[in-house]
Amino acid sequence: MNTPIDSINAHLPCRAGVPAAAPRPVPRGVLSRGPSPVPPAPADPPDRAGAPLPLVRSSLGGGVLSVTLAGEFDHYSCLPLRALLDEGAALGARRLVLDAARVTFCDSALAHLLDRWARDGRTWELGRGSRSVRLLLDLWERLGAPAPPGRDAGPAPERERE
């Protein structure tokens, strides 16, 4: 059968028989473990090359959405958390309890998510927060914006002693 692919290949010259490059000798005392990894391009940030994905765990019961976060949260990595909060609100959650003790980095995207959560009269509280999360919320308040609305007035989270 002559398919279009076969007809194209029929007119191409065959390049079989091209010899492979000879392997380079390995210096004595050096173990060869296959090809070395490709070095990152100069434009690649070195610390983001192997950054782990953020972890989000949640449970919903009695109108309370409990969420545990770990890792780094910025504009892009907050998207799954945003979807989770939207789904929790659609299922009737009115209160959010956030455990962010293992968050290593966060930017204003996390504060905006908390603000978005509280828009329709829902409340949230920070059960535990890492230094990054506490700094973000402190800056939020210092810049003239109160902590995202809906924050339960409870005891302030413990401060780490430096």
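Summarised in this report is the structure supplied together with it. Owing to the predicted nature of the structure, the values given are computational and were not obtained by experimental measurement.

Along the chain, the position of Arg-122 falls in the loop between helix 3 (108-118) and strand 4 (123-129). With relative accessibility at 11%, the residue Arg-122 sits in the buried group. Here the side chain of Arg-122 touches Trp-117 through a polar contact of 2.8 Å, landing on its backbone oxygen.

So, about helix 2 (residues 79-90). The end-to-end C-alpha separation of helix 2 is 17 Å, in line with the 16 Å expected for twelve residues at 1.5 Å each. All of the buried residues in helix 2 are Leu-81, Leu-84, Leu-85 and Gly-88. An end-on view of helix 2 places all buried positions within 95° of arc, on one side of the element. Turned more than 90 degrees away from the buried face of helix 2, the exposed residues are Glu-87 and Ala-90. In this structure, the buried residues of helix 2 make contact with strand 1 (55-61), strand 2 (64-73), strand 3 (95-106) and helix 3. Backbone geometry just after helix 2 places Gly-92 at a positive phi near 105°.

Our focus in this paragraph is the nonpolar core. Among the nonpolar cores identified, the biggest contains 27 residues, and Val-67, Leu-69, Leu-81, Leu-96, Trp-124 and Val-133 are the most heavily contacted of them. If you list the elements that add at least two residues to this core, you get strand 2, helix 2, strand 3, helix 3, strand 4 and helix 4 (131-142). The biggest single contributor to this core is helix 3, with seven residues. Contact partners of Leu-96, with chain neighbours within four places excluded, come to Leu-65, Val-67, Leu-85, Leu-114, Trp-117, Thr-123, Trp-124 and Glu-125.

One open sheet accounts for four strands, arranged 1-2-3-4; its pairing is mixed. The open sheet has two edge strands, strand 1 and strand 4, and neither has a second partner. The mean inter-strand angle of the sheet, taken between neighbouring strand axes irrespective of direction, is 20°. With six bridges connecting them, strand 3 and strand 4 associate as parallel partners. Of the residues in strand 4, the one forming a bridge with Ala-100 is Gly-129. Across the sheet, helix 4 lies against strand 3 and strand 4, angled at about 110° from strand 3, the strand it touches most.

What follows is about helix 3. All buried positions along helix 3 are accounted for by Ala-109, Leu-110, Ala-111, Leu-113, Leu-114, Trp-117 and Ala-118. Residues of helix 3 that are buried sit in contact with strand 2, helix 2, strand 3, strand 4 and helix 4.

Thresholds, definitions, all that
Position numbers for residues start from 1 in each chain and track the written sequence from start to end. Per-residue local features are limited, in this predicted model, to residues with pLDDT of at least 70; the limit for side-chain atom pairs, both in listing and counting, is 80 or more; totals at the level of whole chains, interfaces and linings are taken over all residues. Neither water nor hydrogens contribute to the side-chain values; these are computed over all heavy atoms in the structure. Secondary structure elements follow DSSP: runs of H or I no shorter than four residues count as helices, runs of E no shorter than two count as strands, and numbering proceeds from the N terminus. Accessible area is worked out with a 1.4 Å probe on protein chains only. A residue is then buried under 20% of its type maximum, exposed over 50%, and partly exposed in between. As used in this structure description, the phrase polar contact means that two N or O atoms lie within 3.5 Å; if the pair is within protein, one of them must be able to donate a hydrogen and the other to accept it, and residues adjacent in sequence are counted only when both atoms belong to side chains. One fewer than the residue count of a helix, multiplied by 1.5 Å, yields its expected span. Within this analysis, the arc is defined by the directions that extend from the helix axis to the C-beta atoms. In this analysis, two residues are considered to be in contact whenever any of their non-hydrogen atoms come within 4.5 Å of each other. We call a set of buried residues a nonpolar core when its members are Ala, Val, Leu, Ile, Met, Phe, Trp, Tyr or Cys and they connect through side-chain atoms within 4.5 Å of each other. The rule for pairing is simple: two strands pair if DSSP sees at least two bridges between them. A fitted line through C-alpha atoms represents every axis, and for helices the fit uses only the stretch in contact; the resulting angles, taken between N-to-C directions, go from 0 to 180 degrees.

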